[in-house]
Each structure stands twice: as structure tokens, then as C-alpha cells.
Amino acid sequence: MSNDKISSVLLENRVFPPPAEFAARARVNAARMAELRAAAEKDSVGFWADLARRELDWHTPFTVALDDSAAPNYRWFTDGRINVSYNCIDRHLAKRADKVAIRFEGEPGDVATLTYRQLHEETCRLANALKSLGIGKGDRVVIYLPMTPQAVIAMLACARIGAVHSVVFGGFSAQSVKDRVEDAGARLIITADGGHRGGAVVELKKAADEALAGGCPTVEKMIVYKRAGQPVDWKDGRDLWWHELTAKAAPQCEPEWVEAEHPLYLLYTSGSTGKPKGIQHSSAGYLLGAHQTTQWIFDLREDDVFWCTADVGWVTGHTYVCYGPLSNGTTIVMYEGGPMVPDAGRFWKICQDHKVSLFYTAPTAIRALMKMGEEIPARYDLSRLRVLGSVGEPINPEAWIWYYRVIGKEKLPIVDTWWQTETGAAMMSPLPGATTLKPGSCTQPIPGIFADIVDESGTPVTDPDHGGYLVITKPWPSMLRTIWGDNDRYIKTYWAHFNNRYYVAGDSAHRDADGCYWIMGRMDDVLKVAGHRLGTMEIESALVAHPRVAEAAVVGKPHDIKGEAIVAFVILRGHRPVGAEAEALVKELREFVSHTMGPIAKPDDIRFADNLPKTRSGKIMRRLLRSIARGEAITQDVSTLENPGIVAQLAGKA
Ligand code: WT7
């Protein structure tokens, strides 16, 4: 564990107690938080069961709160029946039918709003359309859409009929779509002709067509939403226009009341192998986590306008664009495009124009916007903002302070939320009316969540100067249920390390003397590039698929804006090129990875060598490669290397 890292974060030692006026009106103040904590401490299962009864609408109430008979495959609220779309829409219709559910802004500047009544109607129409195509409970549907309301409607329509959605991020390639469709065994894809992103049109249908041309035998139909209006290829009998299908469909659809544990969705994420894993979430437990954390962490009020900038292709978009806020009857903002179009004021202009009161984004966006200067946000009226959030990677104290000072005018609480695709909902975060903030720390577990830091033997680390494995010590409702089709991998990845005693998050962290947690980074071969999770092995497999590449090793190195940048060490078949030939091949390989995985996985730096540093047993020494990538002095013992001479070459010195 790096003690340098611990001392560097601890240099930022200012603390920010909740503003008095905020605390006075907050849903949860310090006293209430202490009460909630005490209740959860006494009986964590009863604590969640009580919330599940009070906060969710059930068709059949549950009597079993937690079934741990197959632990670590925990099951919550097992004999209850529920429908997630009912909880996100129908239950609001009595009081909020005309309240805006979604305010949408497209990248070109077009705006649209949908009330809860309209969201209900659109969801029912699509649900009926899906049923008319023979899609029903348990069928998998892949959603590959831009950030328009149709993405949310598609998710809710699946939930309404008990179909299991798997959203694939629009920035992923055809190959990624194919891998996910095939692993999930999807029967249908919902896509769009194109979406606007970064001033260009992302041709989603084209990529979906390419995915299906290369395999995907289980896919029967493709529903296409017309967004960008550019021409598309059409396969009669397979492809169907969203607008034509839904125009014919009835605007009412009885929800399918599913078991609490019925899978709501699969979401693929990277791990330490070359194959992304389909994280499987439940219906009721997941919804409870999404619902309750949105309410507590953002201090939700009836008149709030909530904008989470994440794409629905990531878990943040599932939980804090769609399910959490809608389950609370909140007005959400959805924005289709990039933060720099037409300029770096776009986010702040959206906050102003749509009267955003709760704003939730990623450190990478904050750092990028921070670089553009304070004058830009100063042009916009940000006076409606109440709470600022951060998610996806550690926020460095400098970016935290900028966010606090320039966007929050030194008045707004910042909630730095730590969680994962696997956890379903935020796990550690300040509650804005209760918690004293520390820039760079996600502070403490929310009530009902129990975390710890343990050493290799599983013993809790109490010394604040030492880090260890971040673990969750009790099951929680929104936890992943399994990895789709691979329960062994579920147990191996998250539980086996400490004999099924703890959920192992894969992060290292330390806890300071006040009990606040500081995330130090991943312990596995997972990178966080601009907040996106990428497996080094996946990028390596993408590289070796190129005919010229014999072997590749990928590591991360720190990057000012993206947090981490991708560095690939590549061993070629045949000669090692230099000069212009090397440059051309670097360009080709970067494009090749971008095409295989999507532009977010494009390596920032590719270096050719004759060999990789390996131990005599053949293991690549990644730590050594990391030091070389960062240009650090080599302090590791290289005497165990099969080929010690390679170090100089990799470092560019031979
Ligand atoms: C990994 C999970 C959180 C949902 C979106 C990303 C890192 C996430 C924080 C934070 C420090 C963070 C961790 C975690 N991470 N939030 N507030 N502070 N690190 O979900 O793609 O599944 O990635 O993101 O390393 O394990 P994900």
C-alpha cells in the first residue's frame, strides 16, 4: 500500500460542516442520521425491510426480508411481488400526472418535456409493442440508444412486462454490442438511426447492423427510433420503426407483477479477464437502493430538478437518471450530447435554462471544465443549485475545491458518492444536511451499509495510516445477485478472497481517525479512464486481434483530466518498426482498438518492444510496466526477470 498516496490526500485537511440553513430544512440532519444508523446497527435486515414496506408499492407484500440460505447469493423480500415501472410511473399519477418527469435537451438544442402522464402512455405503448412481438417475462432486450427520453421509456417498458434489459453504451462498438447480445441471449435490440454527440452523428443502427451481421443468432427483431434522420439500411421482416409500432399500440398496459428477485437488468462491466461480466440486478432490492439513496443523498424535495449527467449506458444512468429519481416522482433532465458543444458553458447553460437544483457529474467532467476557466460558469445563473454530486472515481481535492468555490459559491454541499456497477446504488456518501465534508473523501457508509478495511488475512485495519481491501460486511438490498450465466465467477470475484465473509469491492482504501474513507484505487487490473471502467485484459485482447500484434500489456498512468490514460506495450510479429513506420502503425493500432471496443478504449500511448518484462515463470511484471509508463525511476527488483535487459528498451533508453 502506498503511504505516499495516503499522506498526499491527507494534506487536504480542511473540513466543511453542513450549512446551518441547509441542515435546518434537510430530510436528514445529523440527529436523524444518528437515529437511522442506530436502527440499522441494531437490525440491518429489519431496517431495510421497514423501508421497503414504506417506500415501495407492492402488489403482494413480502414476509421474508432476507433469504441467506444460498449465501453469498443473497435474496431479498423473496415472496413479495412488485413492478418497477409501476413504482416509477403509475403510483405518481394520482398526484403528479401533470408534473414534468423528463426535460430533454438534444445536442443541437431541441428541447422536449414529458409529464408523468405522457411517460406512462409512451411506456405502455412500447410495452404493448414489445408484447406484440412476442417479448415477455424473462426475455432479454438490448437497448442501444442515444441519451434521449426513449432510452428511459425503453427501460421502463421492459420492466413493465418483466423483460430483462441490457443497455449498451452508445459509445461502444459493434463488436461490443455483439459480445453483449450473445452473452445475454437477447431476442430483440432497440436502437436509433443515430444520436448527436460531440458535434457529430453516432450511427447506432449501422453498428447494430454490423453486430447482427457477424452473429447474434438469438436476435429476431430490431426496433429503430428515428432521432438523427439520416438514411439507414433496412432489413425487411427484422427492422421496425419505433414510431410506427407505437402508433398502433394501446396506451394502457397492465404491469407484469414479478417476484422481488426477478432480474430487472443486466449491465456489462469490465473485470480482470478479457470478458466483460453481465452484472445481474434484482427488481425490488435494486429499486429500494436506487430510491432511498436518491432521496437521502440529494435531500430530494418535490420541486427539485435533478440532473445526473451520466449516460444510461452506465450504472449511474440506470440508478440516478432513471430508477432512483423517477421512483421518487422527481423531474429529471436528460441531455443528449457532449459537454463542450458548442462550448464549455453547455452544462452550466443547461443548469440555468432548466432550473437544475441537484447536479450530479463525474470528476473527469469537472476537471475538463475547470481547465476552461472560471469566466465560463460565471456567465450563467446557477442560483437554483442546492446540492452538487460527484461519482465514478476519486475526486482530487483541487477539483473538489473548484467545484465548491466556482459552482457552489462556497455554499453548496458536495456529495462524493462511492459505489460500483455491482452495488447498484451509492454505498458511501455524505448526507448533505448531516455530514461534515472532507475534499477527496467519500466520508462514510450511508445508513444500512456496513464497510470495513481489512488486510490480506481479513483482519480489520484500524491504523489510519494504513490502507487495505475495502469490503462490505453485510448484504444490502441493491447488491448484484450474480454474474449472468457464471455464478462461479460471481463467487470467485467478489467473495472467495475472504471465504465468503465479505463482499470484496476490488478497491483499496484507508480510513482516517474520524472514520472517513479515502479510496486509493483499484486492486485489480481495471482502469478508470474518464470515469469509465475498462479492463486492461480487454484492451490487450483487442490489440492481439490485430494481425501484426504478437503480445500486448496494458497499464494505466495518471492523466490530468481523464484520471487515468491507457498505455500499451506491444510486441509485434516480425521486425520492430521505427520512425514514420512506427508512427503509422501506432495510429493504425489506436484506430483498431477504437473500432473493436469503442473510442473510449483507444490507447493514449503505444510503445513497441522486442519483449515484455516477465518473471521466469512467465508472468508479466505489470508493476514494473506501470513505473516505466509513468517515467518513474525503477525501484523494483529486476533480478528475477527472465530478460532484465528489456527494461532499458521499454523505457526508451536502448
Ligand atoms: C469503481 C466502480 C459509481 C458508479 C459509476 C462507476 C471507482 C466510483 C468513486 C468515488 C472514488 C470511485 C471505484 C469503484 N469509484 N466512485 N466516489 N471515489 N472512486 O461504477 O464503473 O462500476 O466503477 O469506480 O474504483 O470500484 P463502475
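Residues numbered from 1 in each chain as written. Predicted model: local features only at pLDDT ≥ 70, side-chain atom pairs only at ≥ 80, totals over all residues. Heavy atoms only, no water.

Describing the packing of helix 4 (residues 44-55) against helix 12 (residues 284-297)
At a minimum axis distance of 11 Å, the contact between helix 4 and helix 12 shows a crossing angle of 85 degrees. By the criterion of interaxial angle, the relationship of helix 4 to helix 12 is roughly perpendicular. Where helix 4 abuts helix 12, its residues Phe47, Trp48, Leu51, Ala52 and Glu55 lie against Leu288, His291, Gln292, Gln295 and Trp296. Residue composition of the contact of helix 4 with helix 12, by class: 6 nonpolar, 3 polar and 1 charged. (Axes fitted to C-alpha atoms, helices over the stretch in contact; angles between N-to-C directions. Helix = DSSP H or I, 4+ residues; strand = E, 2+ residues; numbered from the N terminus. Parallel < 35°, antiparallel > 145°, perpendicular 65-115°, else oblique. Contact = heavy atoms within 4.5 Å. Nonpolar A, V, L, I, M, F, W, Y, C, P; charged D, E, K, R; others polar.)

Here's the deal with the confidence of the model for the chain
Taken as a whole, the chain shows an average pLDDT of 95; of its residues, 98% reach a score of 70 or greater. Mean pLDDT values over the elements of the chain span from 48, in helix 1 (residues 3-10), up to 99, in helix 8 (residues 149-161). (pLDDT = per-residue confidence, 0-100.)

Considerations on the packing of aromatic side chains
Under the counting rule described, the total for this entry stands at 37 aromatic pairs. Aromatic side chains phenylalanine 47 and tryptophan 48 sit 5.5 Å apart centroid to centroid with 75 degrees between the ring planes, which places their arrangement in the edge-to-face category. Overall, phenylalanine 47 belongs to the buried group, its relative accessible area being 7%. Judged by its relative accessible area of 2%, tryptophan 48 falls in the buried class. A ring pair is formed by tryptophan 58 and phenylalanine 77, whose centres lie 6.0 Å apart and whose planes are at 75 degrees; its orientation type is edge-to-face. In this pair, tryptophan 58 sits in the loop between helix 4 and strand 1 (66-67) while phenylalanine 77 sits in the loop between strand 2 (75-76) and strand 3 (81-82), placing the two residues 19 residues apart along the sequence. (Phe/Tyr/Trp six-rings, centres within 6.5 Å; stacked < 30°, edge-to-face > 60°. Buried < 20%, exposed > 50% of the residue type's maximum accessible area, 1.4 Å probe, protein only.)

So, the pairing of strand 4 (residues 100-105)
In terms of burial, strand 4 is largely enclosed, as 5 of its 6 residues are buried. As paired strands, strand 4 and strand 5 (residues 111-115) are joined by 5 bridges and run antiparallel to one another. Paired with isoleucine 102 across the strands is leucine 114, a residue of strand 5. Here strand 4 hands over to strand 5 after 5 residues, with glycine 109 in that stretch at a positive phi of 110 degrees. Examined bridge by bridge, strand 4 and strand 17 (residues 331-335) share 4 bridges and lie parallel to one another. Bridge assignment links glutamate 105 to a residue of strand 17, and that residue is tyrosine 335. (Pairing = 2+ DSSP bridges.)

A word on the pattern of salt bridges
Here the structure, examined in full by the defined rule, presents 44 salt bridges. For aspartate 525, the salt bridge is made with arginine 622, and the minimal N-O distance between the two is 4.0 Å. Highlighted residues: aspartate 525 in the loop between strand 25 (517-522) and strand 26 (526-529) and arginine 622 in helix 21 (residues 622-629), separated in sequence by 97 residues. Using a relative accessible area of 24% as the deciding quantity, one classes aspartate 525 as partly exposed. Here aspartate 604 makes a salt bridge to lysine 562, at a shortest N to O gap of 2.6 Å. Linking aspartate 604 in the loop between helix 20 (579-597) and strand 30 (605-609) with lysine 562 in the loop between strand 28 (549-559) and strand 29 (563-572), this pair joins segments that are 42 residues apart in sequence. In this structure, a network of salt bridges that share partners links the residues Lys205, Asp209, Arg238 and Asp239. (Salt bridge = Lys/Arg side-chain N within 4 Å of Asp/Glu carboxyl O.)

Notes on the site of the ligand
Close to the ligand lie 17 residues; Asp416, Thr417, Thr421, Arg522 and Arg533 are nearest. Within the side chain of aspartate 416, an N or O atom sits 2.7 Å from a nitrogen atom of the ligand. In this structure, a nitrogen atom belonging to the ligand sits 2.7 Å away from a main-chain N or O atom of threonine 417. Within the complex, 95% of the 550 Å² of free accessible area of the ligand lies under protein. When residues of the shell around the ligand are traced back to their parent elements, those giving at least two are helix 13 (315-327), strand 20 (414-417) and strand 25. (Near = heavy atom within 4 Å. Polar contact = N/O pair within 3.5 Å; in protein donor to acceptor, adjacent residues only side chain to side chain. Areas by Shrake-Rupley, 256 points an atom, 1.4 Å probe, with all protein chains shown as cover.)

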